Amino acid sequence: MAKVVIVGAGAMGCLLAARLALGGQEVTVVDVDAQRLALIAREGIHLHDDGGDHMANVGASLAADVAGPADLVILMTKGMHSAAAIRSVAHLDDGQCLVLTLQNGLGNVEAIADVFDKTCILWGVTDFPADLEGPNAVASHGQGHIWLGGSSAAAHAHAGMVIDWLNTGALNAVADANVQSAVWEKVAFNAALNALSTITGLPVGGLDTPEGRRIAMQVIDETIATAAALGISMDRNRLIAKTDFALANHRTHKPSMLQDRLGGRPTEIESINGAIERFAVQAGVEVPTTRLLADLVRLGDPEALASGRTANKDLIV
């Protein structure tokens, strides 16, 4: 049994926590909402998925109260909170504790590496859908997977053990030696669908129109061009297949960016479309559709608007 600490009790954090706990792991979720943590500690996490209803016994704690040692920390906050979140559990760094990020966007490994040694850091992507249905309830419908690898060759040596832990929770995890490409493909997927869903207020299925598909494909192609300029290869056919699958099978899913907009919270646009935009400028690649979607999301998010202006102040012509 592994001791797993999940930092971030959002939809994906709760899904991972519930699945791992049901699979026999010792799981603690960390968040900043003490009232919600008390509810989770008292009642567990209610998971509703294609297999029915489950109640998972999960520990819950403020970061400062989590005692080590831990075998694995999974960072699942929004990208703009990564640096502060990983610093909050720095006391778990004993040279043996592994850290995995399955977060959306770019820049999360760099934030973790400011606290934990890179030989202990793994990163990856997941396509599990997850929606919070209450402070301690999460729903996930449809099949999902996790692809992960090390941020260095030394870290990749730990991938098999982490995969074994994840798969006790039926999380369909596999190793990916080319995980950097997988992360960029997930960024392209999210940039294409999440921002568009946030702007329109539509769930994923609402984007399954000629107009929605045309915009999504433009963002995907702009991201592929940006990655190629940085020496990162991406599989366009695989990206299109993932997009088609999501549009057909996750039709009622509201992406986390849309959930944040509806909840009046800041979005992670700067970790996704904004990050692609910044890399594109550095690489001399034009990404007009990606930039337009980023700007439209920023207009409805004062914090993101200010952040975008700061990040791009030297890049706008």
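Above: the structure in question.
Residues numbered from 1 in each chain as written. Predicted model: local features only at pLDDT ≥ 70, side-chain atom pairs only at ≥ 80, totals over all residues. Heavy atoms only, no water.

Details of the sheet that holds strand 8 (residues 121-126)
What counts is decided by this rule: Paired strands, in this sense, are two strands between which DSSP finds at least two bridges. We count a stretch as a helix when DSSP gives it H or I for four or more residues in a row; a strand needs E for two or more, and each element gets its number in order from the N terminus. Axes, fitted as lines to C-alpha atoms, cover a helix only where it is in contact. Angles between the N-to-C directions of the axes lie from 0 to 180 degrees. Whether two residues touch is decided by their heavy atoms; if any such pair falls within 4.5 Å, the residues are in contact.
Taken in spatial order, the eight strands make up an open sheet running 5-2-1-6-7-8-11-12, and their pairing is mixed. Edge strands, defined here as strands with exactly one partner in the open sheet, are strand 5 (59-61) and strand 12 (173-175). With strand direction ignored, the average angle separating the axes of adjacent strands in the sheet is 25°. Two elements, strand 7 (residues 98-101) and strand 8, share three bridges in a ladder whose sense is parallel. Bridging across to strand 8, Thr101 finds its partner in Trp123. Its contacts with the sheet put helix 2 (residues 34-43) on strand 2 (26-30) and strand 5, and the angle it makes with strand 5 is roughly 160°. Strand contacts of helix 7 (residues 179-200): strand 8 and strand 11 (146-150), with the helix running at about 45° to strand 8, the strand carrying the most contacts.

Side note on the packing of helix 7 against helix 11 (residues 273-283)
For any two helices packed against each other, one specifies the inter-axial angle together with the distance between the axes. Put simply, the rule reads: Every angle not falling under 35 degrees, over 145, or within 65 to 115 is termed oblique; those three ranges are roughly parallel, roughly antiparallel and roughly perpendicular. Amino acid classes used here: Ala, Val, Leu, Ile, Met, Phe, Trp, Tyr, Cys and Pro are nonpolar; Asp, Glu, Lys and Arg are charged; the rest, including Gly, are polar.
Contact geometry for helix 7 and helix 11: axes closest at 9 Å, N-to-C directions at 120°. By the criterion of interaxial angle, the relationship of helix 7 to helix 11 is oblique. Residue-level contacts link Trp184, Val187, Ala191 and Ala195 of helix 7 to Asn273, Ile276 and Phe279 of helix 11. Broken down by class, the residue content of the contact of helix 7 with helix 11 amounts to six nonpolar, one polar and no charged.

Observations concerning a negative patch on the surface
To keep things clear, this is the line we draw: Residues enter patches when they are more than 30% accessible in relative terms and free of salt bridges; like-charged ones are connected within 9 Å and nonpolar ones (Val, Leu, Ile, Met, Phe, Trp, Tyr) within 5 Å. Note on areas: Shrake-Rupley, 1.4 Å probe, and residue coverage restricted to the protein chains presented here. By salt bridge we mean one thing: a side-chain nitrogen of Lys or Arg within 4 Å of a carboxyl oxygen of Asp or Glu. Under the counting rule used here, the positive set is Lys and Arg, the negative set is Asp and Glu, and His together with the chain ends is not counted. Where a charge sits is defined by one atom per residue type, namely NZ (Lys), CZ (Arg), CG (Asp) or CD (Glu). Remark: exposure states derive from per-residue accessible area (1.4 Å probe, protein chains only) relative to the maximum for the residue type, with buried under 20%, exposed over 50%, and partly exposed in between.
A surface patch of negative charge is lined by Glu26, Asp71, Asp93, Asp94 and Asp117. With respect to the helices, strands and loops of the structure, Asp94 is situated in the loop between helix 3 (82-88) and strand 7. Judged by its relative accessible area of 42%, Asp94 is partly exposed.

Concerning the packing of aromatic side chains
Put simply, the rule is: The pairing test for Phe, Tyr and Trp rings, Trp by its six-membered ring, is centres within 6.5 Å, and the orientation test on the planes gives stacked under 30 degrees, edge-to-face over 60, and tilted for anything in between. Only when the NZ of Lys or the CZ of Arg is both within 6 Å of the ring centre and within 35 degrees of the ring normal is a charge said to sit over the ring.
Under the counting rule described, the total for this entry stands at one aromatic pair. If you follow Lys242 out to its NZ or CZ, it ends over the ring of Trp147, 5.0 Å from the centre.

Note that every value here comes from positions in space, so none of it alone points to a role or purpose.
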